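Tertiary structure, described
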Amino acid sequence: LEGASRPSNLIRVMPARGSMRNNSSDVVVVGAGAIGAAVAWRCAQRGLSVITVDPEPERGAWHTAAGMLAPITELHYAETPLLRLNLDSLARYPSFAAELTEATGLPTGYLECGTVEIAWDGADLAALRDLHAFGTGLGLRSTLLTGRELRALEPALAAGLPGGMLAESDHQVDPRLLHAALLAGSASLGVRTVSATASVDVQGDRAVGVMLEDRTRLAAGTVVLAAGAWSRGIAGVPDSIAPRVRPVKGQTLRLRLAGAPRLAHVVRGRVKGVPIYVLPRTDGEYVVGASSEEVGFDRTPRAGAVYELLRDAQSLLPELGEAVLAQVCTGLRPGSPDNAPLVGPSGLDGLVLATGHFRNGILLSPVTADGVAELITTGALPEVLAPFLPTRLAKAVTA
Ligand code: GLY
């Protein structure tokens with residue numbers, strides 16, 4: 001199943017050996033996932049020359065990610081500083097997606113469909129109401145729904161569900177389409193993508209570029225480390241500033257149902273305390289997610305996770321039992337010690353971090369890319385990113 005999951009529209013990457021025309025650029029981005037590709041595009045739009053380097057540019061976490069843009073329904077109690085950033089990035093999405101489509105002619109799957117959150121039983125409903133009250137206290141807008149109102153909104157839902165919540169401003173994007181459009185937009189601006197492993201080239205007290213596995217040096221004014229879950233292990237970065245990011249495995253499923261989409265909204269649920277989500281695409285695909293597993297750099301599919309996802313998704317949407325199981329995908333979220341991203345100067349001149357986005361990499365791509373491009377061109381990081389400077393974690397350790 002995993003073999004069936006390669007995107008067909010990936011731009012061919014340049015080989016690492018032999019054909020490098022020019023070994024220096026303003027910016028080298030280590031990592032061509034959603035964050036790295038967005039950073040590259042925004043930097044290139046500002047007239048910077050950019051090279052991205054990634055050993056697996058066709059298989060980042062974006063390939064597994066469902067693409068929920070959900071600051072309200074994915075709110076967590078201990079993550080209120082992140083909420084402002086999530087809302088800021090969500091507000092950038094309409095123009096980010098439109099600009100990308102205008103530049104490339106490619107769709108992104110950005111869809112303003114709203115999200116319903118569903119409780120499976122009374123305990124799930126109590127938890128959902130608590131979260132609604134917490135969000136309302138923070139100024140977020142969502143509406144509690146009775147079971148009857150839920151069914152009126154989404155007739156395909158199972159009968160007898162006790163209630164839920166509607167978040168009209170939580171939407172979705174298709175990360176695979178988004179990533180393909182970012183690569184195309186970048187390529188049209190001259191960004192070169194090298195398929196290789198890179199280490200950061202540090203000379204004296206600054207990063208001066210990267211070295212590829214074949215010992216080719218790519219010189220750069222700025223190196224951006226956007227290697228997702230792999231960011232901590234990139235060679236060359238001094239240990240004291242290496243981002244403390246760990247892999248958190250997530251598994252999603254792609255299902256297909258013939259006929260018109262059965263859902264108008266993204267559906268999130270809580271089934272006996274366990275979160276589940278189902279995203280309806282406009283072409284009959286349903287993305288179901290996601291497991292959350294702390295098992296290191298293991299991307300093998302786990303049968304139990306597939307079972308649990310199907311069980312919980314089907315309990316909310318019985319028709320999914322009839323769907324074709326088209327793909328099982330696994331990816332690694334880059335988890336950080338406080339679940340928030342690390343964006344900004346690393347503490348080593350010439351090295352900027354854009355990593356640790358954990359569950360929100362797709363949502364946070366626009367604000368991260370805009371912020372890093374602004375930092376590189378003006379020397380100033382936008383204020384909204386100030387709480388997410390990598391140095392906050394160094395302070396937390398010594399405090
Ligand atoms: N944001 C969805 C997930 O991490 O599963």
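**Some thoughts on the overall build of the protein chain**
Summing up its helical and strand segments, the protein chain has eight helices and 18 strands in all. Here the protein chain has a C-alpha radius of gyration of 21 Å; the compact-globule value for 399 residues is 21 Å, and the two agree. Taking the principal axes of its C-alpha atoms as reference, the protein chain extends roughly 65 × 45 × 40 Å. Residue burial in the protein chain is summarised as follows: out of 399 residues, 56% are buried. Restricting to contacts in the protein chain with at least 6 residues of sequence separation, those with at least 24 account for 76%. When the accessible surface of the protein chain is totalled, it reaches about 16100 Å², and 54% of it is carbon and sulfur. In the protein chain, the 36 positive side-chain charges and the 39 negative ones have mean positions that sit 3 Å from each other.

**Some thoughts on the sheet that holds strand E4 (residues 115-119)**
If you trace the eight strands from one edge of the open sheet to the other, you get E5-E6-E4-E13-E14-E15-E12-E16, paired in mixed fashion. Because the sheet does not close on itself, it has two edges, and the strands there are strand E5 (143-146) and strand E16 (324-335). Mean inter-strand twist for the sheet, computed between neighbouring axes without regard to direction, equals 20°. Where strand E12 (residues 246-256) lies against E16, 11 bridges are found, and the strand directions are antiparallel. Bridge assignment links Gln251 to a residue of E16, and that residue is Thr330. Its contacts with the sheet place helix H6 (residues 303-316) against E4, E12, strand E13 (266-271), strand E14 (274-280), strand E15 (285-289) and E16, and it is angled at close to 50° to E12.

**What to know about the confidence of the model for the protein chain**
Here the protein chain averages 93 in pLDDT, and 93% of its residues register 70 or above. Residue range residues 1-20 is modelled with pLDDT below 50. Its contacts to residues more than four positions away, or to other chains, number 45 contacts.

**Overview of the pairing of strand E11 (residues 217-225)**
The pairing of strand E1 (residues 24-30) with E11 spans six bridges and is parallel. Across the sheet, the residue bridging to Val29 is Val224, located in E11. Both strand E10 (residues 206-212) and E11 contribute to a ladder of three bridges, which runs antiparallel. Within E11, the residue paired with Gly209 across the bridge is Ala219.

**Describing the pattern of salt bridges**
Between side chains of opposite charge, pairing is possible as soon as their charged atoms come close. Evaluated as defined, the whole model comprises 23 salt bridges. In this structure, Arg92 engages Asp370 in a salt bridge whose closest nitrogen and oxygen atoms are separated by 2.9 Å. Here the residue Arg92 occupies a position in helix H2 (residues 80-104), and Asp370 occupies one in helix H7 (residues 365-378), the gap between them amounting to 278 residues. Here Asp370 falls in the buried class, since its relative accessible area comes to 16%. Between Arg281 and Glu285 there is a salt bridge, with its nearest N and O atoms 3.9 Å apart.

Conventions used here
Residues numbered from 1 in each chain as written. Predicted model: local features only at pLDDT ≥ 70, side-chain atom pairs only at ≥ 80, totals over all residues. Heavy atoms only, no water. Helix = DSSP H or I, 4+ residues; strand = E, 2+ residues; numbered from the N terminus. Rg over C-alpha atoms; globule rule 2.2 N^0.38 Å. Buried < 20%, exposed > 50% of the residue type's maximum accessible area, 1.4 Å probe, protein only. Contact = heavy atoms within 4.5 Å. Areas by Shrake-Rupley, 256 points an atom, 1.4 Å probe, with all protein chains shown as cover. Lys, Arg positive; Asp, Glu negative; His and termini not counted. Charge placed at Lys NZ, Arg CZ, Asp CG, Glu CD. Pairing = 2+ DSSP bridges. Axes fitted to C-alpha atoms, helices over the stretch in contact; angles between N-to-C directions. pLDDT = per-residue confidence, 0-100. Salt bridge = Lys/Arg side-chain N within 4 Å of Asp/Glu carboxyl O.

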